[in-house]
Amino acid sequence: MATGSMALALLLLLLAAAVPSLAVTSPYVRPPPRATLSRRLQDDADADGQTPQQVHISMVGPDKMRVSWITDDDAPAIVEYGTTPGQYPFSATGNTTTYSYVLYDSGKIHDAVIGPLQPSTTYYYRCSSSPSREFSFRTPPATLPVKFVVVGDLGQTEWTDSTLKHVAAADYDVLLLPGDLSYADFVQPLWDSYGRLVEPLASARPWMVTQGNHEVEKLPVVEPAPFKAYNARWRMPYDVAGAASPPSGDNLYYSFDAAGGAVHVVMLGSYADYAAGSAQHRWLRRDLAGVDRRRTAFVLALVHAPWYNSNEAHEGEGDAMRDAMEELLYGARVDAVFAGHVHAYERFARVRGGREDPCGPVHVTIGDGGNREGLAEKFVDPQPAISVFREASFGHGRLEVANATHALWTWHRNDDDEPVVADQVWITSLAANPACNNKNRM
């Protein structure tokens, strides 16, 4: 980080320390709802059944990327890539799958893992050897600083489109999505339109996602298996071991490292079994136990249903998972927990067991990406002391891990199509807090 930026950061921290924290419920009045979008494959003179669509990428280990895409017809599951437009000296071949859901048959779903890749480098690539479309992405950095975008409950409305435009205008390295992607809700073609809607962003930066309740799509007798479309379309690195972390073996929860291991991100499954003794609980214990906080400056966690929530919507729905897992996160000194589900924004103080605790994680609800169900406008009154800021508006968040001790969190409201910074706070790494280092771990 530049010297001037660091000086500003220190000044803000001093000011924050000098002023008592105040609970704020924003009086902002949101604009009216907007229509649902339906994004079709762009007309292209060269397009055919082998034209790649719904392209998105995700991180695999420290230096690889999974490219996922769909074709209408059979096509090779090959990705050709290089660092110069139109020149593809490297290639990787992956796998193809399909799924059926009631009367719907998916296209050919391909994915291939490419690499090793150089950090902070732009790669150009094409899928299925199709000459009609060239894509590009930039790899995340191997060291700090690293920039994340966090947005939940995205959907595919005009507000979603507004959020995506704001995200695209930001310089970031990785997007984190804590569940509720397409809001297809059993209507499978909406998964296709969602894939086309997010493709311009999801093909250019890695999207790391976890599931929400709208991904379940379970129908008794007819479709008894949950997460059928989600698991087929959004394959995450659940089968890849980290530096000291075991693979989870389940696409509904996993972890990954960023910035050369300076940041460890745990993606949890609110709709997979999380009780003590469950596979997810056992994996989480092993995963967090393998994190070396002398090397890893920040540990982040994502869930769908928030563990702390002062909104009347979905009140208490994350409590059972919190009861089962909060002590694991506390023992590992997790710095921040991001959730979706509630269609509003809310930031809590560092908490544990329902009370403010300087060694607990900051909890943030950010289920306000632009979904069709609208916003959750009714908050509990009075505002709890642990709730620092809350507002029912669409928007997205940005987390810049600036160095080994400080990360800047900002929430950007969609205000008449302009991204407005409505909440901002510096988060100090718990690994850098001697008082928290002395606490007993798991």
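Residues numbered from 1 in each chain as written. Predicted model: local features only at pLDDT ≥ 70, side-chain atom pairs only at ≥ 80, totals over all residues. Heavy atoms only, no water.

The next subject is a nonpolar patch on the surface. Side chains of V102, L103, V221 and V222 sit close together on the surface and give an oily, nonpolar patch of about 470 Å² of accessible area. Tracing the sequence through the fold places V221 in the loop between strand 14 (207–210) and helix 4 (228–233). A relative accessible area of 79% places V221 in the exposed class. (Patch = residues over 30% accessible without salt bridge, like charges linked within 9 Å, V, L, I, M, F, W, Y side chains within 5 Å. Areas by Shrake-Rupley, 256 points an atom, 1.4 Å probe, with all protein chains shown as cover. Salt bridge = Lys/Arg side-chain N within 4 Å of Asp/Glu carboxyl O. Helix = DSSP H or I, 4+ residues; strand = E, 2+ residues; numbered from the N terminus. Buried < 20%, exposed > 50% of the residue type's maximum accessible area, 1.4 Å probe, protein only.)

Time to look at the sheet that holds strand 6 (residues 95–97). Whenever strands of a sheet pair, they do so through backbone hydrogen bonds, lying parallel or antiparallel. Within the open sheet, the four strands sit side by side as 2-3-9-6. Their pairing is antiparallel. Two strands bound the open sheet, and with one partner strand each, they are strand 2 (53–60) and strand 6. For this sheet the average axis-to-axis angle between neighbouring strands, irrespective of direction, equals 20 degrees. Note that strand 6 and strand 9 (residues 108–114) share three bridges and pair antiparallel. When the bridges of strand 9 are listed, N95 appears paired with D111. Sitting on the sheet, helix 3 (residues 189–202) touches strand 2 and strand 3 (64–71), and the angle it makes with strand 2 is about 60 degrees. (Pairing = 2+ DSSP bridges. Axes fitted to C-alpha atoms, helices over the stretch in contact; angles between N-to-C directions. Contact = heavy atoms within 4.5 Å.)

Most of strand 17 (residues 298–302) sits out of view: five of its five residues are buried. Residues F298, L300 and L302 point to one face of strand 17 and V299 and A301 to the other, with burial holding for every one of them. Pairing between strand 16 (residues 263–267) and strand 17: five bridges, direction parallel. Among the inter-strand pairings, H264 is bridged to a residue of strand 17, identified as V299. In this fold, strand 16 hands off to helix 5 (residues 279–289), which returns the chain to strand 17; that crossover is right-handed. Summarising the sheet, strand 17 and strand 18 (residues 336–339) pair through three bridges and their orientation is parallel. Counted as the bridge partner of L302 is F338 from strand 18. With respect to chirality, the unit in which strand 17 leads through helix 6 (residues 319–331) into the neighbouring parallel strand 18 is right-handed. (Right-handed = clockwise from strand over helix to strand, strands pointing away.)

Our focus in this paragraph is the confidence of the model for the protein. When pLDDT is averaged along the protein, the result is 91; 88% of the residues meet or exceed 70. Low pLDDT, under 50, characterises residues 1–21; the predicted model gives this stretch ten contacts beyond four residues in sequence or across chains. (pLDDT = per-residue confidence, 0-100.)

Take unusual backbone geometry next. Generally, phi is negative for residues other than glycine and the peptide bonds are trans, each holding for most cases. With an omega of 10 degrees, the peptide bond between G115 and P116 qualifies as cis. In this structure, the amide linkage connecting D381 to the following residue, P382, adopts the cis form with an omega of 5 degrees. Checked against the element boundaries, P382 lands in the loop between strand 21 (362–366) and strand 22 (387–391). Phi is positive for V221, close to 70 degrees, though the residue is something other than glycine. Backbone geometry at H341 places phi at a positive 75 degrees, although glycine is not the residue there. Note that H341 resides in the loop between strand 18 and strand 19 (345–352). Relative accessible area serves as the criterion here: at 3%, H341 is assigned to the buried category.

A few words now on the environment of T296. Here T296 is to be found in the loop between helix 5 and strand 17. You can call T296 buried: its relative accessible area is 4%. Remark: the alpha-carbon pair of T296 and S429, spanning 133 residues in sequence, is separated by 9.7 Å. Ignoring sequence-local partners within four residues, the contact set of T296 consists of G261, A262, V263, H264, V291 and A431.

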